[in-house]
Amino acid sequence: MRAPLSAPATLAPVSFVGWAWIAALSGFTVLGLEVLALHVFSQVLHNSGYTFATVLIVVITSLAVGALVTQRWQLDAAAAWSRLVIVLLLGACATAVTPKLFFVASGGMRPFGGGAAGFAVYIARILGVAGLVLGPVFILAGWVFPLVLAGAGTVRGAIGERWGRLLGVNAGGALLGLLLANHLAMPLLGLWRSLALWSVVMLLTGIWVAQRASRPLRARAIALAVVAVALLAITSPWSIPVAALAPGDRVVDWRAGPDGVAAVIDRAQPVRERRIKWNNTYTLGGSANEAQQARLGYLPLLLHPQPQRTAFIGFATGITASSALRDPARLTLTVVELSPQITRLACEHFRDSNGNVCDASRTRVIVEDGRMFLRATRDAFDVVVGDLFVPWRSGVANLYTREHLQTVRARLRPGGLFAQWLPLFQLDARGFWGIAATFCEVFPNAWLAIGDFQPHNPAVALIGWRDPQGAPAWPVLEKRCAQLGALPLLREPMLSDPTGVAMFLVGPVAPALPAGVPIMTLDHPWLADHAPRVQRAVPPRFFQGGELVASLQRIASHVPRGPLRQPVTLGNQIYAFCDVFDRQGAEDAAAWYRSQVEIPLPDIFRRRDAPRLSWPFTQPTGMFLIQEARRQARR
């Protein structure tokens, strides 16, 4: 039988209250660190359920190490207390170096996945880096509570009762740690300073515990405490940037909170731009492409004959939502944004780009989950617009489910419409058609629209009307374009012409749906599992290029006869031309255009301000179309 391990010197009896304090601090430290660890890896991961689960696997495995080791010892109270001193102070040292170690291990906070040969390799890389960065911290932090249970087991009384109370105290401390880390430390200190604070908490706890230890142990404790302070000073977590910056980038402002870290970044060259970067991995738009972002709002608004009340789900820079206030129809605007950090940064730093939308009397900005807001509100809207959501992020798949779409339809006024924008550069064909099939189940009259002419980087919208007979109408476009054409700030001449607007429409979706694509429901949001794998597939399988062009042509073939058909066909042909231009170059694209396109380009291409067409494709492509229009006019 193993002999009990004793401390090298006697220890005054420790009351149950003393052990309880350590148990509470253990829960506080561990769960607070776990929350911060997820925020740390959010800076380099694509933040799907897979990646969060991978980090948690490392954390939970590390927490088990201390328990496994402790159960092999027979500790008396003195030995357990003495080991607590060492474990707490070593934990403070490990936590102090965590931010710098993560920064180095991630190559300066470069997002993971680059060069990873497939999804399995990507997950393996997360496990390796998380094990290196988080393993020592959570082994040491997780070791504290098993030592408390071992030491408190020597206190008089029923052991089951004692351990039950300690577990309750530990859980209470854990809840407090979660709340303070997420809702106080993150907003006030930011991510890296919060980790430094947790290191200090472990340091002070270790020093407090050392006061009851033997003199030789106190000397070692002082040495370890000095090392922890030195490591904090040397690694200086507060100096680590909030986002990885390219040459010429500058952080203007940042905010952190329970949702993550948002930063406003300025770039002077090659084009002056201000943008919001979310968790260092995703850009939420910027001032360099204002016209494109505004178009995502204008296009749905132009399809409604008389919009008065609008709602935008997702705020980002506020440029897309601001189109509702710039519209001469004098609309009221409700904007719902999940992140208070993003809302605040957009309101403070993008006033020039979004028309100071946050302070407008007709605007209501609500910080809330968009799906929950629409379920709870009794308001009804003429137009609802869903922003470009990142499909693989945890929870986003719920925004494409049948139940959510039914909620949106119930919030539309008679004649109202809903437009959901989709980033096809982040979805494969199965993901797109799954969303489309679900959308058509709720909105059988759905049409597809393109947001730009970039087959290699496409954004499209599914647009559905509440009324069964709803569809794009030429008289509505004529009326609304006449209103919008008087807008002096409009940067996109195509939106002031019904022919130009119609070129962004593709056609009715339901007749082109492939067979056998399952819809998405809240109890089976299969995109949540599918989209992350697509995002890390090798080679990429995104729905773009030639595959997308062929699908758009199939959808366009179902456009009914009428004044919309010719400009819709022309827009589809120009989209195909841009694909040829991107893949084969200007010469082949010019030959393709002259042999395939017989519909004349509209007058907007022949105007003097035609170079202002702010299409987000290359200048040679746009200039070819302008020159072709003028050549046609001279015939």
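Just above, that's the structure.
Scope of this entry: the structure provided in the associated data block. (Residues numbered from 1 in each chain as written. Predicted model: local features only at pLDDT ≥ 70, side-chain atom pairs only at ≥ 80, totals over all residues. Heavy atoms only, no water.)

### Structural notes on the sheet that holds strand β3 (residues 273-278)
With respect to topology, four strands assemble into an open sheet ordered β1-β2-β3-β4, the strand pairing being antiparallel. Every interior strand has two partners, whereas the edge strands, β1 (249-257) and β4 (282-286), have only one. Between one strand axis and the next, the sheet turns through 20° on average, direction left out of account. Pairing between strand β2 (residues 260-267) and β3: six bridges, direction antiparallel. (Pairing = 2+ DSSP bridges. Helix = DSSP H or I, 4+ residues; strand = E, 2+ residues; numbered from the N terminus. Axes fitted to C-alpha atoms, helices over the stretch in contact; angles between N-to-C directions.)

### What to know about the packing of aromatic side chains
Under the defined criterion, the tally for this structure stands at 16 aromatic pairs. Considering the side-chain rings of Phe102 and Trp192, the 6.0 Å spacing of their centres and the 35° angle between planes classify their relative orientation as tilted. With a gap of 90 residues between them, Phe102 in helix α3 (residues 77-105) and Trp192 in helix α6 (residues 159-210) connect regions that are remote in the sequence. The same class applies to Phe102 as to Trp192, namely buried. Taken together through their ring pairs, the aromatic side chains of Phe577, Phe581, Tyr593 and Phe624 make up a single cluster. When the ring centre of Phe381 is taken as origin, the NZ or CZ atom of Arg309, which lies over that ring, is 6.0 Å away. (Phe/Tyr/Trp six-rings, centres within 6.5 Å; stacked < 30°, edge-to-face > 60°. Buried < 20%, exposed > 50% of the residue type's maximum accessible area, 1.4 Å probe, protein only. Lys NZ or Arg CZ within 6 Å of the ring centre and 35° of its normal.)

### A look at the nonpolar core
Leu422, Phe432, Leu448 and Leu527 are the most contacted members of the largest nonpolar core, which totals 124 residues. In terms of residue count, the dominant contributor to this core is helix α19 (residues 565-584) (nine residues). Apart from residues lying up to four places away in sequence, Leu422 is in contact with Leu388, Tyr400, Leu427, Phe432, Ile435, Pro458, Ala459, Val460 and Leu462. (Core = buried A, V, L, I, M, F, W, Y, C linked by side-chain atoms within 4.5 Å. Contact = heavy atoms within 4.5 Å.)

### Observations regarding empty space enclosed by the protein
Evaluation of the coordinates by the stated rule reveals three cavities of 30 Å³ or more. Estimates place the volume of the largest cavity at around 60 Å³. Forming the walls of the largest cavity are Leu33, Leu36, Ala37, Val40, Thr95, Thr98, Leu134, Val137, Phe138 and Leu195. Breaking the lining of the largest cavity down by element, the ones donating at least two residues are α1 (16-42), α3 and α4 (119-141). Per element, the largest residue contribution to the lining of the largest cavity is four residues, and it comes from α1. Looking at the lining of the largest cavity, its residues break down into eight nonpolar, two polar and no charged. The volume enclosed by the second largest cavity comes to roughly 40 Å³. Listed by contribution, the elements that provide at least two residues to the lining of the second largest cavity are β12 (505-508) and α19. Of the residues belonging to the lining of the second largest cavity, the class tally is seven nonpolar, two polar and no charged. (1 Å grid on protein atoms, 1.4 Å probe; cavity = no way out; pocket = protein on both sides within 12 Å on 5 of 7 lines; lining within 4 Å. Points joined across faces, edges and corners; volume = space filled by probe spheres on them. Nonpolar A, V, L, I, M, F, W, Y, C, P; charged D, E, K, R; others polar.)

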